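Descriptive structure summary
These are the residues of each chain, in order.
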Amino acid sequence: MSKDPLADAGLHFDELNKLRVLDPEVGQKTTDLKEECKEFVEKISQFQKIVGGLIELVDELAQEAETEKMKAIGARNLLKSVAKQREAQQQQLQALIAEKKMQLERYRIEYEALSKVEAEQNEFIDQFILQK
């Protein structure tokens, strides 16, 4: 048989000699577990605060990165636009140069023709004066 008939009945005395239904060792383990759970919950709460701060920081960095990305895209598009404008301007200037060259050639031909007419008229005048 057992040494303690109260222990067999599930009754125990604690260190203050109070009658308890729970074994003092089990009661102590329960109290220890309760304290550990409280510490764990506090640590989890601190961890959540730290993670929350980290998430906010990452969100801010992501927003800054997105802003810089948009600025870079805008700058790239501006450069492309400027390059296209310059290319169009260059083509316009080349067309203008070609037009001016053609005009110069027409003026040169007209000058030669007028010079020839002038020479013929001067020759005609000289012959007319010599015949008189």
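Residues numbered from 1 in each chain as written. Predicted model: local features only at pLDDT ≥ 70, side-chain atom pairs only at ≥ 80, totals over all residues. Heavy atoms only, no water.

An unreviewed UniProt entry annotates the protein chain as Intraflagellar transport 20 of Acipenser oxyrinchus oxyrinchus. In the Subcellular location (unreviewed entry) part of its UniProt record, the protein chain is described as follows: "Cell projection, Cilium". (UniProt positions renumbered as here; feature names shortened; annotations may be inferred.)

Overview of the overall build of the protein chain
Looking only at helices and strands, the protein chain features 2 helices and 2 strands. For the protein chain, the sequential pattern of α-helices and β-strands runs α-β-β-α. Across the 132 residues of the protein chain, 2% fall into the buried class. (Helix = DSSP H or I, 4+ residues; strand = E, 2+ residues; numbered from the N terminus. Buried < 20%, exposed > 50% of the residue type's maximum accessible area, 1.4 Å probe, protein only.)

Quick word on the packing of aromatic side chains
Enumeration over the complete set of coordinates arrives at 1 aromatic pair. Residues phenylalanine 124 and phenylalanine 128 carry aromatic rings whose centres are separated by 6.4 Å and whose planes lie at 20° to one another, so their mutual orientation is stacked. One end of the pair is phenylalanine 124 and the other is phenylalanine 128, both in helix α2 (residues 24-131) and 4 residues apart, which spans about a single turn. The exposed category is assigned to phenylalanine 124, whose relative accessible area is 57%. Given the relative accessible area of 44%, phenylalanine 128 is considered partly exposed. (Phe/Tyr/Trp six-rings, centres within 6.5 Å; stacked < 30°, edge-to-face > 60°.)

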